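Structural overview for review
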Amino acid sequence: MAKYAAPGRSGGVVSFRDRYDHFVGGEYVPPSRGFYFDDPTPVTGEVFTRVARGTAEDVDHALDAAHGAARAWGRTSAADRAVVLCEIADRLEDNLEAIAVAETWDTGKPIRETLFTDLPAAADHFRFCAGVIRAQEGGITQADGDLVAHHFAEPLGVVGLVLPWTSALLSTAWHLAPALAAGNTVVLKPSEHTPASIHVLVGLIGDLLPPGVLNVVTGFDVEAAAPLTANRRVAKAVVVREPSTWTPTVYFADLTEQRDDRYQAALTAFTRFTLNQPGAALVQSKAYDHFLLDATAHTGTVRLGDPLDPATTAGPQVSAGHLAHVLSRVDLCRREGARVVLGGERVDLAGGYYVTPTILETDHRTRVLHEDCTGPITLVSRFDEFDDAVKAANDVPRSPSAAVWSRDAGTGYRAGRAIRADRLWVNNTPPHAGFQGCARGLVESYQHTKNMVIAY
């Protein structure tokens, strides 16, 4: 597959506007105070568009539009809402390359991930939520002879979504699809690092939704998002943050007994964690040297470069500030006594924000694990027995996810139950896409149940 042309260049599949306003009430409107900010691409560091900087006045304008549309959208039948969600999925699939290139240019994420994983999964989220809302049923309770309680699922009203730069469009789909399916109107605030790809998406699907059902206000960070998240006119505010905690993964020694598909899958998982989120790899002493050597070699095959090239497996960091953050965490690890096994250096490529994937050998009790980190770093340490593994994993400040690798199903199960995490993967890599058994519950989280008791 050939390398994709940069947006707006000859042969490019997508172009960005010179400037993006807020999207409110079905149309673009300028920011109330007239402020804009530059949006540079992490691929080259060059500014490619300017985006509206929002204020509390802009949030109020968007909330006015959302409340104006809430009653009609909430009363739209589940079948009709499902049709709209499927039409959104169609638009995503029909414009897959254009949206994927936009996402890559805005976030630095390799095109092989945005094109083949993130965007197909985003379309699937909308289809899945369409099916969930079509299949949803209420309930009836016979309280007494002629006394009957009816249970109805109703939308919350207006939802505020503050979303991160990590997997920007996939994160948007993960929350926007169930919120719309449940009958809510939405005010969405994308990360100020990655607002342009969201606007490309809105430009493609905005006409499918009644005016005011989806509104986008840009240009303030999560810490300054109080005008949206603390507003009493928002029925539910969802703030999704970047993964800033270390994710523990336990590798038991029996894993290295064979160089088979399972072992290769474990090495792939190690590299994936290194590239996508800060990892704390805990390896049993009996296999430590062997596994670290193989994991380092596997991660060393990563191709760092232009993310518009399908052969690239690691792209730049999302911003200059985030690049500095990653490098500062590597320096902190060194000062804490960590040994650099691989990477940890900035790479000068076309002026972009590139850093080599990093593996650091350290003690699992290091203070570094208590520091926030978002970047391509894995800390590797050793443990002796099963109880040591569980203790070491639980010594890592609580992470929403963890993983276990072992050839013994009982060991994997017991470790998975003992490690404190909301989501556990045993002998498999994190499903970068997929519903992980919780999408139906996600739709329900954007609804409330009304109980109506009738005396017949």
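These notes cover the structure that comes with them. (Residues numbered from 1 in each chain as written. Predicted model: local features only at pLDDT ≥ 70, side-chain atom pairs only at ≥ 80, totals over all residues. Heavy atoms only, no water.)

This part covers the packing of helix α3 (residues 96-107) against helix α6 (residues 196-205). Running from N to C, α3 and α6 cross one another at 160°; their axes reach a closest spacing of 8 Å. Of the possible angle classes, the one that applies to α3 and α6 is roughly antiparallel. In the crossing of α3 with α6, the sense of the turn from one axis to the other is right-handed. Between α3 and α6, the contacting residues are Ile 99, Ala 102, Glu 103 and Asp 106 on the first element and Ala 196, Ser 197, Val 200 and Leu 204 on the second. Its residues assigned to classes, the contact of α3 with α6 comprises 5 nonpolar, 1 polar and 2 charged. (Axes fitted to C-alpha atoms, helices over the stretch in contact; angles between N-to-C directions. Helix = DSSP H or I, 4+ residues; strand = E, 2+ residues; numbered from the N terminus. Parallel < 35°, antiparallel > 145°, perpendicular 65-115°, else oblique. Left-handed = near helix turned anticlockwise from the far one by under 90°. Contact = heavy atoms within 4.5 Å. Nonpolar A, V, L, I, M, F, W, Y, C, P; charged D, E, K, R; others polar.)

Moving on to the pattern of salt bridges. Overall, the coordinates contain 20 salt bridges when judged by the stated rule. With its nearest N and O atoms 3.2 Å apart, the salt bridge here joins Arg 259 to Asp 294. Of this pair, Arg 259 sits in the loop between β12 (247-251) and α8 (261-276) while Asp 294 sits in helix α9 (residues 288-300), and the two are 35 residues apart along the sequence. On the basis of relative accessible area, Asp 294 is assigned to the buried category, the value being 13%. A cluster of three or more residues bridged by salt bridges with shared partners is formed by Asp 60, Asp 64 and Arg 233. (Salt bridge = Lys/Arg side-chain N within 4 Å of Asp/Glu carboxyl O. Buried < 20%, exposed > 50% of the residue type's maximum accessible area, 1.4 Å probe, protein only.)

Glancing now at the side chain of Asp 58. Inspection of the secondary structure assignment puts Asp 58 in helix α1 (residues 56-75). As a buried residue without a salt bridge, Asp 58 has its nearest oppositely charged side chain in Arg 33, at a separation of 6.9 Å. Only 2.8 Å separates the side chain of Asp 58 from the backbone nitrogen of Ser 32, close enough to count as a polar contact. What Asp 58 contacts, discounting residues up to four positions off in sequence, is His 22, Pro 30, Pro 31, Ser 32, Arg 53 and Val 217. (Lys, Arg positive; Asp, Glu negative; His and termini not counted. Polar contact = N/O pair within 3.5 Å; in protein donor to acceptor, adjacent residues only side chain to side chain.)

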